[in-house]
Amino acid sequence: MTTKRPQNDCGSAEKKKKRKNSAETIVGLCSILEDEQVKTAVKRAWSQKTHYTRGDLELACHPFPHCIIRNFIGDDEFVDNLQKELLGLNFNEKSNDLYKFKQSDDLKKRNEPHIQGIRAVLFQQFRPWLEAMIGVELESTVDISCAKYEYSDILLCHDDELEGRRVAFILYLVPQWDSSDGGTLDLYKTDLNLQPKEISKTIVPTRNTLVIFEVSPVSFHQVSEVLSKDKCRLSLGGWFHGPSLERPPRYIEPSVTRNPHIPRDETLLMEWVNPVYLDISYQEHIQGEFEHSSEIQLKAFLKEEKFRQVNEALQLSQIQWTKKGPANKRCYDVASLENLPECVYGCWELLHSEAFFLLLSNFTGLRLHYLCPSDDDDDDDDDDDDDDEQQKTKENVKRNDKGTSAEETTSNNHNLAVESTPKCSGELRRWTHGSYTLLHDGEAAQAEYALDLMLPFQCVDWDTEYGGFTCYVANEEDEELLTVYPEDNSLALVYRDKETLKFVKHINHKSSQQSANSSRGRTFYDFSFVYYE
């Protein structure tokens, strides 16, 4: 039998029961926050930027203002039940250049009793105390979610700045936690340019501890990688909203030096490059593939003996490595060009040479050498002109082989020269546990058309789970356009436009486990060059 009559009695009882189960659970704050003397002392210390400690409360202003309140919730049972409710939520995988962890949806409308209770604690009971401390009226906006960090999860260096955010908060709901478990909250001090310099303070998560800090141009912090395979770093986090602090103009890094090619002829190619890639017909095939997809990987690019020599030499102690930052943009080692082993410098010279510029032009169709046909020449669709151009190229290489410098050749063929000279920038990089690069505003503002080159070494047993791969993404979008994985002796070429950015994914703790060929963690190297028409 079917009916449209409402099930009044049973339905009403069920609704009443549901409302009762989801009713907000009331709980109080720790007693120290009710102490009037503490309130006055904290307000004074905050305004004067001095340190203050009393019982479970610690206020510090270095490297930037922050406050730690232990035993924040005055009821242990409430904390236990809150944790159970949070663990029962659906979590979304979050992974990009900056982070890898799991996060719940926004909790501002969740009706579980203890989640409602913690919202009331933070945004009704605690907010007035916070307003009094910092002397700023905060908005009623609720901005709160739950984060779950597990083995190898991380949140890299950033400052939290976004319009309206005034104070950040994190409430830890973790088991017994030690610094060896990772997952610490690391606070960075900054240099004269307000860029993160080094970690100044490390806060180990403690159950039922609230950490707050002022969001500012110098509030750089990170959640270090979780190293424990057994523990879950559960926390509630969000922001109290209010008038943003004044921000000075963002520091603009000096432009990377670009250099024209160095005068080296085709004998260098014949010495280093796999002969198959010097075949004109195969170069035409490569160019066709590249023009179709704007990217290509050329496997076994270097001659086997040359690759082996460089591969072995990269581990020599004579190479001087320097950590490259700042941490909100990048973290990897870059080699000094001084004191490089001869074969390593030879490879550097190859990638910087005139002959290699010309080879790249043949691979990609880009105008990286003045002898390459321009777009106007292509529009003429004159095969004879193409043949003449190739002949001029061959003659030019021969002239260089006889000792004519690139500068002299340019002068002799001035009518073929273009207005801007093709240039490149490059570095030799070392990648190990903790290395990464990040997307940042400066990179987006300076994006331009360019050809990226990557030539990796010592990554034969590299697993994609370790990270270390290069991702290309559309500017201001989450769409991933291309991923390039490190592969021994595989030359990767990627052409990017002004709307395409790239980053190298953080290399996690999984890579630090001993490899079959080494007693230390895995490390790989690459030559990274960028070529400009």
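For the structure itself, look to the data block above.
Residues numbered from 1 in each chain as written. Predicted model: local features only at pLDDT ≥ 70, side-chain atom pairs only at ≥ 80, totals over all residues. Heavy atoms only, no water.

Chemist: Please clarify how helix H6 (residues 280-293) should be interpreted in this entry.
Modeler: Because an α-helix packs 3.6 residues into every turn, residues spaced three or four apart end up facing the same way. The first and last C-alpha atoms of H6 sit 20 Å apart over 14 residues, in line with the 20 Å expected at 1.5 Å per residue. Taken as a whole, H6 has its buried residues at Gln283, Ile286 and Phe290. The arc that holds the buried residues of H6, viewed along the axis, is 60°, so those residues lie on one side. Counted as exposed and oriented over 90 degrees from the buried face of H6: Glu291 and His292. Looking at the packing, one finds that the buried side of H6 touches strand S15 (295-299), helix H9 (354-364), strand S20 (450-457) and strand S23 (490-496). Directly after H6, the chain includes Ser294, whose backbone phi takes a positive value near 65°. (Helix = DSSP H or I, 4+ residues; strand = E, 2+ residues; numbered from the N terminus. Expected span 1.5 Å × (residues − 1). Buried < 20%, exposed > 50% of the residue type's maximum accessible area, 1.4 Å probe, protein only. Arc of directions from axis to C-beta. Contact = heavy atoms within 4.5 Å.)

Chemist: What's the story with the nonpolar core in this structure? I'm lost.
Modeler: One recurring pattern in soluble globular proteins is that nonpolar side chains are buried together. Grouped together as the largest cluster of nonpolar side chains are 47 residues, with contacts concentrated most on Leu33, Leu57, Ile69, Phe72, Leu86, Phe126 and Leu236. Here the element with the most residues in this core is helix H4 (residues 113-134); it accounts for 10 residues. Of all hydrophobic cores here, the second largest spans 45 residues; its members include Tyr277, Ile286, Leu359 and Tyr525. (Core = buried A, V, L, I, M, F, W, Y, C linked by side-chain atoms within 4.5 Å.)

Chemist: Would you take a moment to explain empty space enclosed by the protein for this structure?
Modeler: Empty pockets left among the atoms are what a rolling probe the size of a water molecule brings to light. Scanning all chains against the criterion turns up 2 cavities of 30 Å³ or more. The calculated volume of the largest cavity comes to roughly 100 Å³. (1 Å grid on protein atoms, 1.4 Å probe; cavity = no way out; pocket = protein on both sides within 12 Å on 5 of 7 lines; lining within 4 Å. Points joined across faces, edges and corners; volume = space filled by probe spheres on them.)

Chemist: Help me out: how do you make sense of the environment of Phe307 in this one?
Modeler: Tracing the sequence through the fold places Phe307 in helix H7 (residues 304-313). Between the C-alpha atoms of Phe307 and Trp272, which are 35 residues apart in sequence, the distance is 8.5 Å. Not counting residues within four places of it along the chain, the set of residues in contact with Phe307 comprises Leu302, Pro456, Phe457, Asp488 and Asn489.

Chemist: Sorry if this is basic, but what is going on with the pairing of strand S22 (residues 480-484) here?
Modeler: Two strands pair when backbone bridges link them, and strand S21 (residues 470-474) and S22 are joined in this way by 4 bridges, in the antiparallel orientation. In the strand pairing of S22, Tyr472 is matched with Leu482. Linking S21 to S22, which pair antiparallel, is a turn of 5 residues; within it Glu476 sits at a positive phi near 65°. (Pairing = 2+ DSSP bridges.)

Chemist: How should I be thinking about the state of the cysteines in this particular structure?
Modeler: In a disulfide, the sulfur atoms of two cysteines are covalently bonded to one another. Considering all chains together, one arrives at 0 disulfides under this definition. Between Cys232, a free cysteine, and Cys146, which holds the nearest cysteine sulfur, the sulfur-to-sulfur gap is 8.0 Å. (Disulfide = S-S within 2.5 Å.)

Chemist: Can you walk me through the side chain of Asp159 in this structure?
Modeler: Relative to the helices and strands, Asp159 is located in the loop between strand S7 (154-158) and strand S8 (165-172). With relative accessibility at 11%, the residue Asp159 sits in the buried group. Excluding residues that lie within four positions of it along the chain, Asp159 makes contacts with Val215, Ser216, Pro217, Ser219, Phe220, His221, Arg247 and Arg250.

Chemist: Can you walk me through helix H2 (residues 36-48) in this structure?
Modeler: Between its first and last C-alpha, H2 extends 18 Å over 13 residues, near the 18 Å set by a 1.5 Å rise per residue. Looking only at H2, the buried set comprises Val38, Ala41, Val42, Ala45 and Trp46. Buried residues of H2 fall within an arc of 130° about the axis and therefore sit on the same side. Exposed positions of H2 whose direction lies more than 90 degrees from the buried face are Glu36, Gln37, Ser47 and Gln48. The inward-facing, buried residues of H2 contact strand S1 (52-54), strand S2 (57-60), strand S3 (66-69), H4 and strand S11 (209-214).

Chemist: Explanation requested: a negative patch on the surface in the structure shown.
Modeler: The grouping of Glu476, Glu477, Asp478, Glu479, Asp497 and Glu499 at the surface amounts to a negative patch. Mapping Glu477 onto the fold places it in the loop between S21 and S22. Judged by relative accessible area, which is 46%, Glu477 ranks as partly exposed. (Patch = residues over 30% accessible without salt bridge, like charges linked within 9 Å, V, L, I, M, F, W, Y side chains within 5 Å. Areas by Shrake-Rupley, 256 points an atom, 1.4 Å probe, with all protein chains shown as cover. Salt bridge = Lys/Arg side-chain N within 4 Å of Asp/Glu carboxyl O. Lys, Arg positive; Asp, Glu negative; His and termini not counted. Charge placed at Lys NZ, Arg CZ, Asp CG, Glu CD.)

Chemist: What is the right way to look at the environment of Ser511 in this model?
Modeler: Looking at the element boundaries, Ser511 is found in the loop between strand S24 (500-504) and strand S25 (524-532). For the pair Ser511 and Gly468, spaced 43 residues apart in the sequence, the C-alpha separation amounts to 9.7 Å. A polar contact is formed between the side chain of Ser511 and the backbone oxygen of Asn508, at a distance of 2.7 Å. (Polar contact = N/O pair within 3.5 Å; in protein donor to acceptor, adjacent residues only side chain to side chain.)

Chemist: Would you take a moment to explain the packing of aromatic side chains for this structure?
Modeler: The geometry of two aromatic rings is summed up by the distance between their centres and the angle between their planes. Evaluated as defined, the whole model comprises 27 aromatic pairs. The rings of Tyr277, Tyr282, Phe301, Trp348, Phe356, Phe357, Phe363, Phe529 and Tyr531 are connected pair by pair, giving a single aromatic cluster. Positioned over the ring face of Phe91 is Lys148, at 4.3 Å from the centre of the ring. Here the basic side chain of Arg429 rests over the ring of Tyr332, its NZ or CZ set 5.6 Å away from the ring centre. (Phe/Tyr/Trp six-rings, centres within 6.5 Å; stacked < 30°, edge-to-face > 60°. Lys NZ or Arg CZ within 6 Å of the ring centre and 35° of its normal.)

This is a description of form; function is not addressed.
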